[in-house]
Amino acid sequence: MRALLSLAIGSFGIGMTEFVVMGLLPNIGRDLLPTAYAASPDDAIAQAGWLISLYALGVVVGAPTIAGSVARFPRHRVMIVLAAALAFFTLLTVIAPTFELVAASRFLAGLPHGAYFGIGALVAADVLGPGNRAKGVAFVLTGLTIANVVGVPLGTLLGQQVGWRAAFAVVAGIFALATVCIAFFVPKHPGTPGRRLRDEMRVFRIGQVWFALGIGAVGFGGFFAMYSYIAPMITDVAEQPEWAVSVVLVIVGIGMTIGNIVGGALADKDLRFWLFVGLIALGVASVGLALTAGWIVSLVLFAFLVAFCGSALSPSIQTRLMDVAEDNQSIAAALNHSALNIGNSLGAFLGGLAIAAGLGLVAPAWVGAVLAIGGLAVAFVAYRVEDRSGRHPSHRVPAAEAAQTAITGSIPTQR
């Protein structure tokens, strides 16, 4: 249990470091971009949104490359190095004096993210042994879930009251604690000798893999377009005090948690149908948010629905990717993590672009609706091509299992 708790501490830190910035964009823009903020707060907030995109880009690059490159090394040692790297790069965010250096530190902090979840899930599954592998994976994932419900709102409140750097200082401390705990409590765990990144890259030869990645990158970007700029929507559009941001983030975190559970159950019944329904519902909820964001009650309702629909899509997208990846299951799970973080980067970038273009602080919600429709189009083309070819995937992974692994970047061994 101490080993699993040690790994969960790290996943809690990852949940905070990835999402707490979204509630602190106005504070970061005001501090790091004072000239731009004085001239136009909206422009400064849009530029600060690059920090979200760069972190997500780091995840996209690091998830498959690091996970594939270190597969042959003992996993418990790899986990120590990854946790230490997360602590170090997050500390750089705390002390970096300029926006450019903070941006660089956020990219670096994203690199170990996916590999930590992927390898950590394998270690956790092995700790509990046969018959309890999924429980181990789920336990590690609870750290990220709790971070969205508790850590991110509290970190946002701390950053608003003390300064945004204080929130990241806490995160760096959490990663340092995780590093020490992993070193002491996680047992030795061998790697896979002879495993090379070159062998894993064969998955890119499969056309349907690219379609599945596109669904995640474009469709899931609709959720992040909203989430990245939720703070200024609350304070400037709905005209609520800063402390209300933390309250709304708790509700959004609950929506994400429930959505992931419900999405796995629904996708097991009919993956194609619920994938389409989820993308449509995400688009509709985004439009509802855009139209009614000026009223705090409707903003909270539609932000919850966007979070619910976005997270409900994760198991479907993960399952679809593993279904079409043939024998490349591990790298497929890591690639799903990359795809969803491309969505993170794309949503934050396009949302910021819309704000900078003078379309207002509700523009990211409209961007989210467009991205959801784009993901729906990619899904339609993917299934159309599959139906015409007559080649349907023979390997089916239960979506309930994929719901546990959509964020971790790894899956239990095949039964």
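All figures in this text were calculated on a predicted structure; none of them were measured in a lab.

Novice: Explain the packing of aromatic side chains to me, please; I cannot follow it from the model alone.
Specialist: Going through the model one piece at a time under the given rule, you end up with 14 aromatic pairs. Ring centres 6.2 Å apart and planes at 10° place the aromatic pair Phe19 and Phe224 in the stacked group. Here the residue Phe19 occupies a position in helix 1 (residues 2–23), and Phe224 occupies one in helix 13 (residues 221–228), the gap between them amounting to 205 residues. Here Phe224 falls in the buried class, since its relative accessible area comes to 4%. The rings of Phe19, Phe220, Phe223, Phe224 and Tyr227 are connected pair by pair, giving a single aromatic cluster. One cation-aromatic arrangement involves Arg320 over Tyr383; the distance from NZ or CZ to the ring centre is 4.3 Å.

Novice: Help me understand the nonpolar core in this model?
Specialist: Nonpolar side chains tend to gather and get buried jointly when the protein is soluble and globular. Judged by nonpolar contacts, the single largest core of 69 residues is most densely connected at Phe223, Tyr227, Ile230 and Leu299. In this structure, Ile230 is in contact with Val248, Leu249, Leu299 and Ala303, ignoring residues within four places of it in sequence. Counting 33 residues, the second-largest nonpolar core is a separate cluster that includes Val78, Val171, Phe175 and Val186.

Novice: Any chance you could explain the side chain of Gln208 here in plain terms?
Specialist: Positionally, Gln208 belongs in helix 12 (residues 207–219). For Gln208, the contacting residues outside a window of four places in its chain are Arg320, Val324, Ala382, Val385 and Glu386.

Novice: I tried to follow helix 13 on my own but got confused; where do I start?
Specialist: Since the α-helix packs 3.6 residues into each turn, any two residues three or four apart lie on the same face. Within helix 13, 8 of the 8 residues are buried, which leaves the element mostly enclosed by the surrounding structure. Turning to helix 13, its buried residues are Gly221, Gly222, Phe223, Phe224, Ala225, Met226, Tyr227 and Ser228.

Novice: Teacher, can you tell me more about the packing of helix 5 (residues 50–69) against helix 7 (residues 99–110) here?
Specialist: Relative orientation and spacing of two packed helices are given, respectively, by the angle between their axes and the distance between those axes. Relative to each other, helix 5 and helix 7 sit at 30°, their axes nearing to 6 Å. One way to sum up the angle between helix 5 and helix 7 is to call them roughly parallel. Crossing handedness for the pair helix 5 and helix 7: right-handed. For the pair helix 5 and helix 7, contact is made by Trp50, Leu51, Leu54, Tyr55, Leu57, Gly58 and Val59 and by Phe99, Val102, Ala103, Arg106, Phe107, Ala109 and Gly110, respectively. Looking at the contact of helix 5 with helix 7 residue by residue, the class counts come to 11 nonpolar, 2 polar and 1 charged.

Novice: Explain unusual backbone geometry to me, please; I cannot follow it from the model alone.
Specialist: Working note: non-glycine residues mostly have negative phi, and peptide bonds are mostly trans. In the Ramachandran plot, Glu239 falls in the positive-phi region, its phi being about 55° despite a non-glycine side chain. Within the element layout of this structure, Glu239 appears in the loop between helix 14 (230–237) and helix 15 (243–269). The exposed category is assigned to Glu239, whose relative accessible area is 65%.

Novice: Looking at this model, I keep getting lost on the pattern of salt bridges. Mind explaining?
Specialist: Close approach of charged atoms allows side chains with opposite charge to pair. Here the structure, examined in full by the defined rule, presents 3 salt bridges. We note a salt bridge from Arg30 to Glu242, for which the minimum N-O separation is 3.8 Å. Here the residue Arg30 occupies a position in helix 2 (residues 25–32), and Glu242 occupies one in the loop between helix 14 and helix 15, the gap between them amounting to 212 residues. Arg320 serves as the salt-bridge partner of Glu386, at 2.8 Å between the closest nitrogen and oxygen. Taken as a pair, Glu386 in helix 19 (residues 363–389) and Arg320 in helix 17 (residues 296–324) lie far apart in primary sequence, 66 residues in all. A relative accessible area of 3% places Glu386 in the buried class.

About the criteria used
Residues numbered from 1 in each chain as written. Predicted model: local features only at pLDDT ≥ 70, side-chain atom pairs only at ≥ 80, totals over all residues. Heavy atoms only, no water. Phe/Tyr/Trp six-rings, centres within 6.5 Å; stacked < 30°, edge-to-face > 60°. Helix = DSSP H or I, 4+ residues; strand = E, 2+ residues; numbered from the N terminus. Buried < 20%, exposed > 50% of the residue type's maximum accessible area, 1.4 Å probe, protein only. Lys NZ or Arg CZ within 6 Å of the ring centre and 35° of its normal. Core = buried A, V, L, I, M, F, W, Y, C linked by side-chain atoms within 4.5 Å. Contact = heavy atoms within 4.5 Å. Axes fitted to C-alpha atoms, helices over the stretch in contact; angles between N-to-C directions. Parallel < 35°, antiparallel > 145°, perpendicular 65-115°, else oblique. Left-handed = near helix turned anticlockwise from the far one by under 90°. Nonpolar A, V, L, I, M, F, W, Y, C, P; charged D, E, K, R; others polar. Salt bridge = Lys/Arg side-chain N within 4 Å of Asp/Glu carboxyl O.

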